[in-house]
Amino acid sequence: MQKFQAFSDLSNKDAPVRGYLHPSKHPDAGCLILTHGAGANCESPLLMALADAFNSHGWMVLRCDLPFRQSRPHGPPPRGSAERDQAGLRAAVAAMRRLTASPVALGGHSYGGRQASMLAAAEPNLVEKLLLLSYPLHPPKKPAELRTKHFQSLQVPAMFVHGLRDEFGTIAEMQSALSLIPARTDLLPIAGAGHELLTKNNGESLIEQVTSRFISGFATFTHAKTDDPTQ
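Residues numbered from 1 in each chain as written. Predicted model: local features only at pLDDT ≥ 70, side-chain atom pairs only at ≥ 80, totals over all residues. Heavy atoms only, no water.

A.B. asks: Quick rundown of the overall build of the chain? Include the residues and the values.
C.D. replies: A tally of helices and strands in the chain yields six helices and eight strands. In the chain, the succession of helices and strands from N to C terminus is β-β-β-α-β-α-α-β-α-β-β-α-β-α. Residue pairs in contact within the chain that sit at least 24 positions apart in sequence constitute 73% of those at least 6 positions apart. With an accessible surface of roughly 11200 Å², the chain has 51% of that area assigned to carbon and sulfur atoms. Averaging the positions of the 23 positive and the 20 negative side-chain charges in the chain gives two centres separated by 5 Å. (Helix = DSSP H or I, 4+ residues; strand = E, 2+ residues; numbered from the N terminus. Contact = heavy atoms within 4.5 Å. Areas by Shrake-Rupley, 256 points an atom, 1.4 Å probe, with all protein chains shown as cover. Lys, Arg positive; Asp, Glu negative; His and termini not counted. Charge placed at Lys NZ, Arg CZ, Asp CG, Glu CD.)

Below is the structure:
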């Protein structure tokens, strides 16, 4: 039986939300929005597997296509797409806020995760946590071209999942970059994985590692925030 349904929200006509919603019958569980990398869409195996796993833990999950992908079925985002793609993620968060009172997390793979982090840096109260899969720290073989300008402004707790063979950044480079972020961060290295993260051999273990670690950390953070009288 299919556990998800087509979803759309056209509140922002310039950056509509389209994708698939995995609904939850547990109103107290979290909500996660997931989006894709530059060469994929929200039906990528990684996003589908993560959505199913989080949903099995009671979470509501939205897998959504960024605006550039809705306009362009194939190929990378055209130059200048970032602002509109971030607007699409902002609209997706607003759409989920209308469906649930649960805390909302925002995540994405590669380009999608980068856009999520840039949006969260600019709007620190937008979501409760970030899940950044294969953050593209720099272009392959160009370690000097770091994509960290917004890291010092990132006030939202973030979990990074990164393959040990990822050409967009080594684990050491990621650790150095994460030290720039004032918010709480967590780095989950994945042995044997490249930028796509999923391999023929790590499917079940990868998904279990990501979901269990993120949900555990998410619960700890949200409980601490609730107990903090300054929040």
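Picking up after the structure, the text goes on.
A.B. asks: Could you give an account of the nonpolar core, naming the residues involved and the relevant values?
C.D. replies: Where a protein is soluble and globular, its nonpolar side chains tend to be buried together. In terms of nonpolar packing, the biggest core is built from 41 residues, with I33, L62, M96, L106, V127, L130 and F160 touching the most fellow members. When residues of this core are assigned to their parent elements, the largest contribution, six residues, is made by helix 3 (residues 82-99). Excluding its chain neighbours within four sequence positions, the residues that come into contact with V127 are V93, R97, V104, L106 and V156. Counting residues in hydrophobic clusters, the runner-up holds 26 residues, among them L131, L133, M159 and F214. (Core = buried A, V, L, I, M, F, W, Y, C linked by side-chain atoms within 4.5 Å. Buried < 20%, exposed > 50% of the residue type's maximum accessible area, 1.4 Å probe, protein only.)

A.B. asks: An account of helix 4 (residues 111-122) is requested, with residue identities and associated values reported.
C.D. replies: In this model helix 4 runs 17 Å from its N-terminal to its C-terminal C-alpha over 12 residues, within 8% of the 16 Å that 1.5 Å per residue would give. Burial of helix 4 is extensive: nine of the 12 residues sit out of reach of the surface. Those residues of helix 4 that sit buried are Y111, G112, G113, Q115, A116, S117, L119, A120 and A121. Residues of helix 4 that are buried make contact with strand 3 (31-35), helix 2 (67-71), helix 3, strand 5 (104-109) and strand 6 (129-133). (Expected span 1.5 Å × (residues − 1).)

A.B. asks: Kindly report on the environment of P76, identifying the contributing residues and their values.
C.D. replies: Considering the arrangement of structural elements, one finds P76 in the loop between helix 2 and helix 3. On a C-alpha basis, the gap between P76 and G39 in space is 5.3 Å, while along the polypeptide they are 37 residues apart. Discounting residues that sit within four places of it in the chain, P76 has contacts with A38 and F68.

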